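# Reading the structure
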Amino acid sequence: MISLMRENGITVRLDSAYDVDKETAEYTVTCKGFRLVFNNFKEAAQIYKSICADVKEGREVVFRLAQLEHLFGETKKEVA
């Protein structure tokens, strides 16, 4: 975990993982059941900070998260 923010009953989290075999890093932003995946830390941090600012201001973020998940959502999900 890189950073965690809890405000107004909402948690926003920024995590990182490193794949030793592929020598690649992956950064994830999670909030309200949405998981956004990035290969670039700067981009992940900017989205994280932006979502945190919205939450602190009391704005509803679900619609925005859904749009971001469409762009940055995890593509490796298995369908049963």
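Residues numbered from 1 in each chain as written. Predicted model: local features only at pLDDT ≥ 70, side-chain atom pairs only at ≥ 80, totals over all residues. Heavy atoms only, no water.

Of the regular secondary structure elements, the protein holds 2 helices and 4 strands. Along the chain direction, N to C, the helices and strands of the protein fall in the order β-β-β-β-α-α. The C-alpha atoms of the protein give 13 Å as radius of gyration, which agrees with the globular expectation for 80 residues (12 Å, within 12%). Counting only C-alpha atoms and orienting by the principal axes, one finds that the protein spans roughly 40 × 30 × 20 Å. Residues counted as buried form 32% of the 80 residues belonging to the protein. In the protein, 38% of the contacts between residues at least 6 apart in sequence involve partners at least 24 apart. Just so you have it, the protein exposes about 5600 Å², and 49% of that area is on carbon and sulfur atoms. For the protein, the separation between the mean place of its 12 positive charges and that of its 13 negative charges on side chains is 5 Å. (Helix = DSSP H or I, 4+ residues; strand = E, 2+ residues; numbered from the N terminus. Rg over C-alpha atoms; globule rule 2.2 N^0.38 Å. Buried < 20%, exposed > 50% of the residue type's maximum accessible area, 1.4 Å probe, protein only. Contact = heavy atoms within 4.5 Å. Areas by Shrake-Rupley, 256 points an atom, 1.4 Å probe, with all protein chains shown as cover. Lys, Arg positive; Asp, Glu negative; His and termini not counted. Charge placed at Lys NZ, Arg CZ, Asp CG, Glu CD.)

Glancing now at the nonpolar core. Inside soluble globular proteins, nonpolar side chains tend to come together where they are buried. Counting 20 residues, the largest nonpolar core has Val12, Val29, Leu36, Phe38 and Ile51 as the members making the most contacts within it. Of all elements in the fold, only strand S2 (10-19), strand S3 (24-31), strand S4 (34-38), helix H1 (41-56) and helix H2 (62-72) reach the threshold of two or more residues within this core. Per element, the largest residue contribution to this core is 6 residues, and it comes from H1. If we skip the residues at most four places from it in the chain, Val12 touches Ser3, Leu4, Met5, Val29, Thr30, Cys31, Tyr48, Ile51, Cys52 and Val55. (Core = buried A, V, L, I, M, F, W, Y, C linked by side-chain atoms within 4.5 Å.)

A word on H2. All of the buried residues along H2 are Leu65, Leu68 and Phe72. In an axial view of H2, the angular spread of the buried residues amounts to 65 degrees, which keeps them on one side of the axis. Looking at H2, the residues exposed on the side facing more than 90 degrees away from the buried face are Phe63 and His70. Of the surrounding secondary structure, the elements contacted by the buried residues of H2 are S3, S4 and H1. (Arc of directions from axis to C-beta.)

With that out of the way, let us pick up the environment of Ala45. Residue placement: Ala45 occurs in helix H1. With 27 residues separating them in the primary sequence, Ala45 and Tyr18 have C-alpha atoms 16 Å apart.

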